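The chain contents come next:
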Amino acid sequence: MRSFTYERASLAQEAAAKAQETPGAKFIAGGTNLLDLMKLEIETPQHLIDVNGLKFDKIEKTEDGGLRIGALVRNTALAADMRVRRDYGVLSRALLAGASGQLRNKATTAGNLLQRTRCPYFYDTNQPCNKRTPGSGCAAIAGYSRQLGVIGVSEACIATNPSDMAVAMRALDAEVETIDAAGRTRKIPIADFHRLPGDRPDLETTLSSGELITAVTLPPPLRGTHIYKKVRDRASYAFALVSVAAVLQRDGTGRLAVGGVAPKPWRIEKAEAELRGGAKPFSARLLADAKPTNENAFKVTLVERTVAAVMHEARQK
Amino acid sequence: MANPVESEVSRRGVLVGGTATAMIGVLPSGQGQAQPASSDAVRQGFEVSFEVNGKPYSLQLDTRTTLLDALREHIHLTGSKKGCDHGQCGACTVIVNGVRINSCLTLAVMHQDDRITTIEGLGTPEQLHPMQAAFIKHDGYQCGYCTPGQICSAVAVLDEIKAGIPSHVSADLTSPPELTNVEMRERMSGNICRCGAYSNIAEAIAEAAGSKT
Ligand SMILES: Cc1cc2nc3c(=O)[nH]c(=O)nc-3n(C[C@H](O)[C@H](O)[C@H](O)COP(=O)(O)OP(=O)(O)OC[C@H]3O[C@@H](n4cnc5c(N)ncnc54)[C@H](O)[C@@H]3O)c2cc1C
Ligand code: SF4
Ligand code: FES
Ligand code: FES
């Protein structure tokens, strides 16, 4: 690990200003992703701003009847909140399907949204990787790509976003609240939060330099059957090959976002018009532009089958 | 007070308020070359105070020191183990403010004023914690390397169930979770055992939990 200086932030705007003006500064929250990458010198911040002292650890009702989740609310606390369990079951389920008990106790809402890809070549500093070292090439495209993306990918990068939580938040139309160095706040719809790689896979979100996440808001509860189904190589403590976050209605309509297949939670609202026709037409529309490799082409079929399983489960409830 | 960091203290000759201050002249083990980010702040280290197993400690640490390395290399509590150093195995599990975490993926300087419990603080050879006793009775290990992490994790799991925290396998999200074998296995999935002592570990936890699996 490279050496760095460290400070504890106590005010949000100050933290954002400090992050913007200090070269090589980064926020640290739970540390479960950042420290992992710092040990491998994939992340090499020169200054860490510890945001754990900021008062963003509450889940509150919003005026319109939704929920405002503080950026520092731990994944365990969010999954266990009775309002989330009752009214946003898909989110509780997605969180509980991720990582381990120990990690969820540390991982924060903001940190989870910003966790970086698990592409094996991104982690292997001996390999070319456009995300880690822009312009160096992508070892994954002709390499071991079984776990990687099939849609939204580019010729520069085929990595997936590994977050389970974000897939549920996409189905729920969450918004990310931020504050910048000048004290300006804004709300970013989750659909616009993560960027597609294009020719700049190193740029992953639409956050500006120093911009600090303060909360994630959920709209009022969405009635219907909430399901999160994660398909992985072992039954627990593994990243998704494919995951589906769904809120389905009795009449066969609903919302459905897919994880494990793209650089961001993958949802196309227009494809949801096909849901009444079943998993096949829906998945065909959702993945119409898919560009899988030989090794991960199975994911296209797996999405359809997982969607079918989710629809079946919803009908049983 | 029997001082766990005596050698470092006398070497540096620093003592603060009855607790030990260890000036760290060397880098945390296995962490590559130092390339000071900027100032003296890096070289001087960063002061942090916390409580481990009921005793106060005050350390002057290289900011890179993980909580695990602080416990093992500086406070010399070597019960917590380093398996992967990347959050993947659970051997480093300790309980911080009542909550289990991977001590390898957190910086020591992030734990100002925290209360930390390691395997050494759960029980002693003379007075075992019920979970430790159950692991012995059921042979919940072979080589023993993962065991401190397994036990700390298991103790915290029972508290998590008591607190009503659901899991991936809980059938109903809104009713209180149960003490079943499937629940335990899911909740313990962050603790890997290369010797594969899982079935005995599950029996030990079931006994300590007072459940009939
Ligand atoms: C072994 C292992 C298995 C895992 N399995 C899964 C899994 O199955 N599913 C899953 O979804 N995840 C999984 N994870 C990832 C885990 O969910 C993330 O590491 C965690 O959510 C990151 O949160 P954190 O608070 O620790 O982030 P940190 O590591 O503290 O930060 C991550 C990034 O977010 C930035 N950041 C943090 N807070 C803010 C803020 N308020 N504003 C702006 N930027 C901020 C940091 O600068 C950093 O770049 C796994 C991790 C490990 C180690
Ligand atoms: S897929 Fe993306 S992250 Fe993986 S090696 Fe290629 S550029 Fe890097
Ligand atoms: S050493 Fe911390 S999880 Fe493996
Ligand atoms: S007892 Fe050997 S690793 Fe678990």
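Use the structure listed above.
Being a predicted model, the structure only gives us computed values, none of them experimental.

Reading the values: the criteria
Residues numbered from 1 in each chain as written. Chains lettered and ligands numbered in written order. Predicted model: local features only at pLDDT ≥ 70, side-chain atom pairs only at ≥ 80, totals over all residues. Heavy atoms only, no water. Helix = DSSP H or I, 4+ residues; strand = E, 2+ residues; numbered from the N terminus. Rg over C-alpha atoms; globule rule 2.2 N^0.38 Å. Buried < 20%, exposed > 50% of the residue type's maximum accessible area, 1.4 Å probe, protein only. Contact = heavy atoms within 4.5 Å. Areas by Shrake-Rupley, 256 points an atom, 1.4 Å probe, with all protein chains shown as cover. Lys, Arg positive; Asp, Glu negative; His and termini not counted. Charge placed at Lys NZ, Arg CZ, Asp CG, Glu CD. Phe/Tyr/Trp six-rings, centres within 6.5 Å; stacked < 30°, edge-to-face > 60°. Pairing = 2+ DSSP bridges. Axes fitted to C-alpha atoms, helices over the stretch in contact; angles between N-to-C directions. 1 Å grid on protein atoms, 1.4 Å probe; cavity = no way out; pocket = protein on both sides within 12 Å on 5 of 7 lines; lining within 4 Å. Points joined across faces, edges and corners; volume = space filled by probe spheres on them. Nonpolar A, V, L, I, M, F, W, Y, C, P; charged D, E, K, R; others polar. Domains from an automatic or database assignment. Near = heavy atom within 4 Å. Polar contact = N/O pair within 3.5 Å; in protein donor to acceptor, adjacent residues only side chain to side chain.

## Looking at the overall build of chain A
So, point 1. Each helix and strand counted, chain A has 12 helices and 11 strands in total.
So, point 2. Expected size for 317 residues packed as a compact globule is a radius of gyration near 20 Å; at 19 Å, chain A falls within 12% of this value.
So, point 3. If you line up chain A on its principal axes, its C-alpha atoms span 55 × 50 × 35 Å.
So, point 4. Counting across all 317 residues of chain A, residues that qualify as buried make up 60%.
So, point 5. The contacts of chain A with a sequence gap of at least 6 include a subset with a gap of at least 24, amounting to 61%.
So, point 6. For chain A, the accessible surface area stands at approximately 12,700 Å², while carbon and sulfur atoms represent 49% of it.
So, point 7. Here chain A holds 45 positive side-chain charges and 34 negative ones, and the gap between their average locations is 5 Å.

## Structural notes on the overall build of chain B
So, point 1. When you go through chain B residue by residue, the secondary structure sums to eight helices and seven strands.
So, point 2. For chain B, buried positions account for 53% of its 213 residues.
So, point 3. A fraction of 56% describes how many contacts in chain B between residues 6 or more apart in sequence connect residues 24 or more apart.

## Observations concerning the packing of aromatic side chains
So, point 1. Scanning the entire structure with this criterion turns up two aromatic pairs over all chains.
So, point 2. Measuring from centroid to centroid gives 4.9 Å for Tyr6 of chain A and Phe46 of chain B, while their planes differ by 85°, and the two rings are edge-to-face. With Tyr6 of chain A in strand E1 (residues 5-8) and Phe46 of chain B in strand E3 (residues 46-52), this pair bridges two chains.
So, point 3. An angle of 80° between the planes, with centres 6.0 Å apart, marks the rings of Phe122 of chain A and Tyr123 of chain A as edge-to-face.
So, point 4. Relative accessible area serves as the criterion here: at 1%, Phe122 of chain A is assigned to the buried category.
So, point 5. Residue classification places Tyr123 of chain A among the buried positions, given a relative accessible area of 18%.

## A short note on the sheet that holds strand E11 (residues 254-259) of chain A
Residues and elements named next belong to chain A.
So, point 1. Spatially, the three strands line up as an open sheet ordered E9-E10-E11, and their pairing is antiparallel. The open sheet has two free edges, formed respectively by strand E9 (225-231) and E11, since each of these has just one partner strand. Here the average twist between neighbouring strands, direction ignored, is 10°.
So, point 2. Its contacts with the sheet put helix H12 (residues 298-316) on E9, strand E10 (242-248) and E11, and the angle it makes with E10 is roughly 35°.

## Observations regarding the layout of surface pockets
One simple way to see leftover space: roll a probe sized like a water molecule over the atoms.
So, point 1. Looking at the second largest pocket, its volume works out to about 550 Å³.
So, point 2. Lining the second largest pocket are 25 residues, with Arg74 and Lys106 of chain A together with Val96, Asn97 and Asp114 of chain B positioned closest to its centre.
So, point 3. Every element with two or more residues in the lining of the second largest pocket is listed here: E1, helix H3 (75-80) and helix H6 (101-106) of chain A together with strand E6 (99-102) and helix H6 (147-162) of chain B.
So, point 4. When residues in the lining of the second largest pocket are grouped by element, the largest group, three residues, is from H6 of chain B.
So, point 5. Grouping the constituent residues of the lining of the second largest pocket by class yields 10 nonpolar, eight polar and seven charged.
So, point 6. Each of domain 1 (43-121) and domain 2 (124-213) of chain B contributes no fewer than three residues to the lining of the second largest pocket.

## A closer look at the site of ligand 2
So, point 1. Taken together, 13 residues are adjacent to ligand 2, and Cys119, Cys129, Cys138, Cys157 and Ile158 of chain A come closest.
So, point 2. For the shell around ligand 2, the class distribution of residues is 11 nonpolar, one polar and one charged.

## Concerning the site of ligand 1
So, point 1. Phe27, Gly31, Thr32, Thr108 and Asp164 of chain A are the nearest of the 35 residues found near ligand 1.
So, point 2. Nearby residues place ligand 1 at the junction of chains A and B.
So, point 3. Note that an oxygen atom of ligand 1 is positioned 3.4 Å from one of the backbone N or O atoms of Asn112 of chain A.
So, point 4. With respect to ligand 1, the backbone of Ala238 of chain A contributes an N or O atom lying 3.4 Å from an oxygen atom.
So, point 5. If ligand 1 stood free it would expose 990 Å²; the protein chains cover 96% of that surface.

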